[in-house]
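Geometric and topological summary
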Amino acid sequence: MNKFEWQATESAPRNYVMTIIGGNLSYHDDSGSLYVPDKSNIDHGWGKGASSHIVGPDRKPLPKRLAIGFFSYTENQFYEGIFDLPYDKILKMFQDGYYSPNEGGEVTYQQVVVGVAPGGAVAVWLRGIDKTTEVFFGQAEKIEGRWGSLTNATHITREEYVRKSILYSLKTPEAVAALHQNGVPIGLWNTYRTRYLWQPVLTGIQLKKGLINHVQYFNGERDYLNYPLEAAIAASTRAVPKELHFVGAPPGATGKPKLVELYFNEAEIFDAFKKLGPNNQPLQLEIRNEVIDGNNKFTIWLRNDKDKIELKNTKIQTYNT
């Protein structure tokens, strides 16, 4: 009853390339461990798994401990840590499962995602179809590290290897110059975990099946939302959204609904949440659709009971379904 089909995968934030030197997730019953995929440069996005190696038995105990060592290129720094994971919470989440709109029924998690970020940030998420949920966040310690544990490229210096790895990750000299100018935002990934009492409000939009298909949060979590939200869900706090996707049309529209994808500007939306949502003040993220001169126009607003801020820098993409 306490064994499940799951695999381990690794994650790192985009634009801050990392390498896991070695990592293991120790089983709860002390029967062994599952290794975290390692030795590759990773920057696929916070909470997004980079790879998954099919090893070990299909069904195995869930992890109770994480041992991890990694290298942060933008800091030229090794980190290491051993962390106790919330096994009881992880077990309950696997046992309870959740409803998946894509599968049309109950499913459970399939992966344990281990994330590493600059400053020694370490996160663990459970990931499945339609859903990613954070279960742990910790802080690794700086260590000297052994350069040979990272690469066998002894024909170039450490400085040159780090420089080339960063350039390959960022793609352009301009992006590298911006990194040098702005520095590495130590502590950013802990800031992403701040939760607010907010819910979406759709104005002038009829959702297909009453479903917001995809919400990606800055803290690496991912979910869907039935709309309008049930009372218990509406009363829950959530991290700041990074992306939000839905299929909908204006009420009474005769044409096919459109897929709408919103990509929020990080600086703008965090500034708005900080200004309007202190002390768990209830917030509404309003997605407004108006027909102006025969064309649909979307505007995005964050509001509390007194003030509102338009999120003018939100990138909005629409597609025919």
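Attention in this report is confined to the structure presented alongside it.

Conventions adopted
Counting starts from 1 at the beginning of each chain's written sequence and moves along it residue by residue. A pLDDT threshold of at least 70 governs which residues receive local features in this predicted model, and a stricter bar of 80 or more applies before side-chain atom pairs are shown or counted, although totals over entire chains, interfaces and linings include all residues. Computation of side-chain values covers all heavy atoms of the structure but excludes hydrogens and water. Strands here are runs of E lasting at least two residues and helices are runs of H or I lasting at least four, both read from the DSSP assignment and numbered beginning at the N terminus. For the radius of gyration, the atom set is restricted to C-alpha positions; the globular benchmark scales as 2.2 Å times the number of residues to the power 0.38. Here the term buried applies to any residue with accessible area under 20% of the maximum for its type, exposed to any over 50%, and partly exposed to those in between, with areas from a 1.4 Å probe on protein chains only. Reported accessibility uses the Shrake-Rupley method at a 1.4 Å probe radius. Residues are deemed covered only where the shown protein chains occlude them. The sign given to each residue is positive for Lys and Arg and negative for Asp and Glu; His and the chain ends receive no count. Positions of charges follow a simple convention, taking NZ of Lys, CZ of Arg, CG of Asp or CD of Glu. In this description, strands pair whenever DSSP reports at least two bridges between them. Fitted lines through C-alpha atoms give the axes, limited to the stretch in contact for helices. The angle between two N-to-C directions lies from 0 to 180 degrees. Any two residues whose heavy atoms approach within 4.5 Å at even a single point are treated as in contact. Under the rule applied, a polar contact is a pair of N or O atoms within 3.5 Å (in protein, one hydrogen donor and one hydrogen acceptor; residues adjacent in sequence only if both atoms are side-chain atoms). For this document, the term salt bridge refers to a Lys or Arg side-chain nitrogen within 4 Å of an Asp or Glu carboxyl oxygen. For Phe, Tyr and Trp, where Trp contributes only its six-membered ring, two rings pair if their centres lie within 6.5 Å, and the inter-plane angle classes them as stacked under 30 degrees, edge-to-face over 60, or tilted in between. To sit over a ring, a charge needs its Lys NZ or Arg CZ within 6 Å of the ring centre and within 35 degrees of the ring normal.

If you tally the helices and strands in the protein chain, you get 6 helices and 26 strands. Against the compact-globule benchmark of 20 Å for 321 residues, the protein chain has a radius of gyration of 21 Å, which places it among compact chains. When its C-alpha atoms are laid out on the principal axes, the protein chain stretches across 65 × 55 × 40 Å. Within the protein chain, buried positions represent 49% of all 321 residues. Carbon and sulfur atoms make up 48% of the accessible area of the protein chain, which amounts to about 16,100 Å² in all. Side-chain charges of the protein chain comprise 36 positive and 35 negative groups, with the mean position of each set lying 3 Å from the other.

Let us now look at the sheet that holds strand E24 (residues 295–303). With mixed pairing, the 4 strands of this open sheet are ordered in space as E16-E23-E24-E25. A single partner strand is all that each edge strand has here, and the edge strands are strand E16 (198–203) and strand E25 (308–310). The average angle at which neighbouring strand axes cross in this sheet is 25 degrees, direction not considered. Note: strand E23 (residues 283–292) against E24, 9 bridges, orientation antiparallel. Looking across to E24, one finds that glutamate 286 is bridged to tryptophan 301. Contacts from helix H6 (residues 266–276) reach E16, E23, E24 and E25 within the one sheet, and its direction differs from that of E25 by about 175 degrees.

Right, let's talk about the side chain of glutamate 221 for a bit. Examined against the element boundaries, glutamate 221 turns out to sit in the loop between strand E18 (211–217) and strand E19 (222–226). Within polar-contact distance, the side chain of glutamate 221 engages the backbone nitrogen of glutamate 134 at 3.0 Å. With sequence-adjacent residues up to four places away left out, glutamate 221 is seen in contact with Trp125, Thr132, Thr133, Glu134, Arg195, Val215 and Gln216.

Here we take up the pattern of salt bridges. With the rule as written, the count across this model stands at 11 salt bridges. Close ionic contact of lysine 131 with aspartate 223 constitutes a salt bridge, the shortest N to O distance being 2.9 Å. Residue lysine 131 is found in strand E13 (residues 131–139), and its partner aspartate 223 is found in strand E19; the two are separated by 92 residues along the sequence. Accessibility expressed as a relative area gives 18% for aspartate 223, which makes it buried. In this structure, the salt-bridge partner of glutamate 160 is arginine 163, at a minimum N-O distance of 2.8 Å. Taken together, the residues glutamate 160 and arginine 163, both in helix H2 (residues 158–170) and 3 residues apart, mark about one turn of the helix. Classification of glutamate 160 as partly exposed rests on a relative accessible area of 25%.

Okay, the side chain of glutamate 134 next. Locating glutamate 134 in the fold gives a position in strand E13. Residue glutamate 134 is classed as buried on the basis of its relative accessible area, which comes to 12%. Contacts of glutamate 134, omitting those with residues within four sequence positions, involve Lys89, Val124, Trp125, Arg193, Asn219 and Glu221.

Let us now look at the pairing of E18. For E18, the tally of buried residues reaches 6 of 7 residues, placing the bulk of the element in the interior. In sequence, E18 turns back onto E19 through a hairpin of 4 residues, with glycine 220 there showing a positive phi of about 95 degrees. Note: E18 against strand E21 (residues 241–249), 4 bridges, orientation antiparallel. Each bridged residue has a counterpart across the sheet, and for glutamine 216 the counterpart in E21 is glutamate 243.

With that settled, consider the packing of aromatic side chains. Under the definition given, this model contains 22 aromatic pairs. Centre to centre, the rings of tryptophan 6 and tyrosine 27 are 6.4 Å apart; their planes meet at 85 degrees, and the pair counts as edge-to-face. Of this pair, tryptophan 6 sits in the loop between strand E1 (3–5) and strand E2 (7–11) while tyrosine 27 sits in strand E3 (residues 18–27); the two residues are 21 residues apart in sequence, bridging distant segments of the chain. Taken individually, tryptophan 6 and tyrosine 27 each receive the classification buried, so the pair is uniform in this respect. For the pair phenylalanine 78 and tryptophan 147, a centre-to-centre distance of 6.4 Å together with 85 degrees between the ring planes defines the contact as edge-to-face. Residue phenylalanine 78 is located in strand E8 (residues 77–84), and its partner tryptophan 147 is located in the loop between strand E14 (141–143) and H2; the two are separated by 69 residues in the primary sequence. Each member of the pair, phenylalanine 78 as well as tryptophan 147, carries the same accessibility label: buried. Linked through ring pairs, Tyr16, Trp46, Trp125, Trp189, Tyr192, Phe218 and Phe270 together constitute an aromatic cluster. Taking NZ or CZ as reference, lysine 60 lies 5.5 Å from the ring centre of tryptophan 6, over its face. The ring of tryptophan 301 has lysine 308 sitting right over it, with the charged end atom 4.8 Å from the ring centre.

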